[in-house]
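Chain and residue survey
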Amino acid sequence: MDQIGRRFLGYFGKMLILAGMVLVFGSFGVFLSNILTKLFLGVDLSTIDFSAIKKEDVQMIAALKLYQTIGGGIGMFLVPALLFPAAIKYPIHVMFMNKNRIDVKSLFVGILSIILVTPLISWLYQLNQQMHFPESWKEWEISIKNMEAQAELLTNLFVSADTYPMLLLNIFVVALVPAICEELFFRGIILQYTRFIFDKEWIAVVVSAIVFSGFHGQFYGFIPRFVLGILLGYLFLNSANILLPILAHFVNNALAVLAVFYQKELAVFEVFTPDYQFAWYWVVLSALLSIAAIWYIKNTLLQALLNQSKNELL
């Protein structure tokens, strides 16, 4: 077997180890979540009829939030991300590049890029919604649309809040926990290990974005989430610090939570209505500005490294 073949086999072998960790610790997280929800909320997650949950089912929604945090975030992503480097004998700080510094301007531009990319993501989402399967797969297509529509209703219940304490809880569960856990896993582990093995940044970014979007299990949201994964991947590589994609991911999710909380107040602005469509020139401008933000961060980092090297020589 040639060197490339051995590299592929080694890579997929390590990915199977990672998948095993996700399965084991994710299952343990679900098991622990169910114990805690029974103990403190009197809810058995295994008996919940998700299609029948209403806004008034406060205990069930709280149980789902606990499950999302422990099972979906910590168990499935955080624990494997922290253990995998030791399993493959890579220093954890090399995987996450958390020892590198980010200047304030790059930090601001990186977070701003998440806002700038919104018209592009919105357009891609609408485009993805219009995709159709072949006629012979019509029943399967209807089934997928129904499942995703039900999931969307459940998500709206999940992030709904009537008080500021509940808003803060939603920001913690929906924005902070996923931002930390998912970025450490998808960017810090999958992207980095793919880059180490194949020595191609674009391959690593694309692979991590595909897995990132695929894990969310939404066919009609795959493309916009894939593009978001591309942006987060390049923010990670060009800043050389996991902190930037974590903050950008947090801002993206937190803005969605805030939009739901303030939806009545924001309804007067057409841009915040569910069916709003950005004009093509806003979409193009959004893409260009997002690329410019990534380019700025990369060149700022390179300049900082050059200045550091120059100072060390002096």
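Please refer to the structure placed before this passage.
Residues numbered from 1 in each chain as written. Predicted model: local features only at pLDDT ≥ 70, side-chain atom pairs only at ≥ 80, totals over all residues. Heavy atoms only, no water.

Focus on the overall build of the protein
Put simply, the rule is: A run of DSSP states H or I qualifies as a helix once it reaches four residues; a run of E qualifies as a strand once it reaches two. Both are numbered from the N-terminal end. C-alpha atoms define the radius of gyration, and 2.2 Å times the number of residues to the power 0.38 defines the globule rule. By definition, residues are in contact when any of their heavy atoms lie within 4.5 Å.
Helix and strand counts for the protein come out as 12 helices and zero strands. Reading the protein from its N terminus to its C terminus gives the helix and strand order α-α-α-α-α-α-α-α-α-α-α-α. A compact globule built from 314 residues would reach a C-alpha radius of gyration of about 20 Å, and the protein, at 21 Å, matches this within 12%. Counting only C-alpha atoms, the protein reaches 65 × 50 × 45 Å along its principal axes. A separation of at least 24 residues holds for 75% of the contacts in the protein among residues at least 6 apart in sequence.

Observations concerning the packing of helix α4 (residues 104-116) against helix α10 (residues 243-261)
Rules: Axis angles are defined between N-to-C directions and span 0 to 180 degrees, where every axis is a line fitted to C-alpha atoms and, for a helix, only to the segment in contact. Here a crossing is called left-handed whenever its near helix is offset anticlockwise from the far helix by less than a right angle, and right-handed whenever the offset is clockwise. The nonpolar class holds Ala, Val, Leu, Ile, Met, Phe, Trp, Tyr, Cys and Pro. Asp, Glu, Lys and Arg form the charged class, and all remaining residues, Gly among them, are polar.
Put simply, α4 and α10 touch, their axes get as near as 9 Å, and they point 35° apart. For α4 against α10, the interelement crossing comes out right-handed. Across from Ser-106, Leu-107, Gly-110, Ile-111, Ile-114 and Ile-115 in α4, the residues of α10 making contact are Leu-244, Leu-247, Ala-248, Val-251, Asn-252 and Leu-255. Of the residues belonging to the contact of α4 with α10, the class tally is nine nonpolar, three polar and no charged.

Some points on the packing of helix α2 (residues 58-87) against helix α7 (residues 164-198)
Two packed helices can be described by the angle between their axes and the distance between those axes. Quick reminder of the rule: Any angle from 65 to 115 degrees is called roughly perpendicular, while one under 35 is roughly parallel, one over 145 is roughly antiparallel, and all others are oblique.
For the pair α2 and α7, the least separation of the axes is 9 Å and the interaxial angle reads 25°. Between α2 and α7, the interaxial angle falls into the category roughly parallel. In the packing of α2 onto α7, the handedness of the crossing is left-handed. A breakdown of the residues in the contact of α2 with α7 according to their chemical character gives 19 nonpolar, four polar and two charged.

Points about the environment of Leu-168
Worth spelling out the cut-off: Burial classification: accessible surface area is computed with a 1.4 Å probe over protein chains only, and a residue below 20% of its type maximum counts as buried, one above 50% as exposed, and the rest as partly exposed.
Here Leu-168 shows up in helix α7. Here Leu-168 falls in the exposed class, since its relative accessible area comes to 58%. For the pair Leu-168 and His-216, spaced 48 residues apart in sequence, the C-alpha separation works out to 23 Å.

Points about the pattern of salt bridges
Test applied: Any Lys or Arg side-chain nitrogen located within 4 Å of an Asp or Glu carboxyl oxygen qualifies as a salt bridge.
In this structure the tally under the stated criterion is four salt bridges. Note that Asp-44 is salt-bridged to Lys-38, the shortest N-O span being 3.9 Å. The partly exposed category is assigned to Asp-44, whose relative accessible area is 23%. A salt bridge links Arg-187 to Glu-183; its shortest N-O distance comes to 2.6 Å. Here Arg-187 and its partner Glu-183 are both found in helix α7, four residues apart, which amounts to about one turn of the helix.

Quick look at the packing of aromatic side chains
Centre distance and the angle of the planes are the two values used to describe a pair of aromatic rings. Quick reminder of the rule: Planes of paired rings set the category: under 30 degrees apart is stacked, over 60 is edge-to-face and the rest tilted, where pairs are Phe, Tyr or Trp rings (Trp by its six-membered ring) whose centres lie within 6.5 Å. We call a charge positioned over a ring when the NZ of a Lys or the CZ of an Arg lies within 6 Å of the ring centre and within 35 degrees of the ring normal.
Enumeration over the complete set of coordinates arrives at 27 aromatic pairs. Ring geometry for Phe-77 against Phe-215: centres 5.4 Å apart, planes inclined by 70°, an arrangement best described as edge-to-face. Within this pair, whereas Phe-77 is found in helix α2, its partner Phe-215 is found in helix α8 (residues 201-215), the two being separated by 138 residues in sequence. Each ring, one from Tyr-90 and one from Tyr-193, has its centre 5.9 Å from the other, and the planes form 80°; the classification is edge-to-face. Of the two residues, Tyr-90 is situated in the loop between α2 and α3 (92-96) and Tyr-193 in helix α7; the sequence distance between them amounts to 103 residues. Take Tyr-193: its relative accessible area is 4%, and that puts it in the buried class. Through a chain of ring-to-ring contacts, three or more aromatic side chains come together here, namely Phe-8, Tyr-11, Phe-12, Phe-84, Tyr-90, Tyr-193, Phe-196 and Phe-198. One Lys or Arg, Arg-187, reaches over the ring of Phe-212 and ends 4.5 Å from the middle of that ring.

So, the side chain of Asn-34
With respect to the helices, strands and loops of the structure, Asn-34 is situated in helix α1 (residues 3-41). Every residue in contact with Asn-34, bar those within four places of it in the chain, is listed here: Val-43, Asp-44, Leu-45 and Ser-46.

Focus: the side chain of Asn-238
What counts is decided by this rule: Any pair of nitrogen or oxygen atoms within 3.5 Å is treated as a polar contact; in protein, a donor-acceptor pairing is required on top of that, and neighbouring residues in sequence qualify only through side-chain atoms on both sides.
Considering the arrangement of structural elements, one finds Asn-238 in helix α9 (residues 222-239). Among the polar contacts made by the side chain of Asn-238, one reaches the main-chain carbonyl oxygen of Ile-294 at a distance of 3.4 Å.

Re the environment of Glu-141
Mapped onto the elements, Glu-141 comes out in helix α6 (residues 138-159). With 10 residues separating them along the chain, Glu-141 and Met-131 place their C-alpha atoms 9.9 Å apart. In this structure the side chain of Glu-141 is engaged in a polar contact, spanning 3.1 Å, whose partner is the backbone nitrogen of Phe-133.

Here we look at α9
Spelled out, the test is: Expected span, for any helix, means 1.5 Å times one less than how many residues it has.
For α9, built from 18 residues, the straight-helix expectation of 26 Å at 1.5 Å per residue is met to within 8% by its first-to-last C-alpha distance of 25 Å. Of the residues making up α9, those classed as buried are Pro-224, Leu-228, Gly-229, Leu-231, Leu-232, Gly-233, Leu-235, Phe-236, Leu-237, Asn-238 and Ser-239. After α9 finishes, the residue Ala-240 shows a positive phi value of roughly 55°.

Side note on α1
With 39 residues, α1 should cover 57 Å at 1.5 Å per step; its first-to-last C-alpha distance of 55 Å lies within 8% of that length. Within the sequence span of α1, burial applies to Tyr-11, Met-15, Leu-18, Met-21, Val-22, Gly-26, Gly-29, Ser-33, Asn-34 and Thr-37. Note on α1: the residue one or two positions beyond its end, Gly-42, has a positive phi of about 65°.

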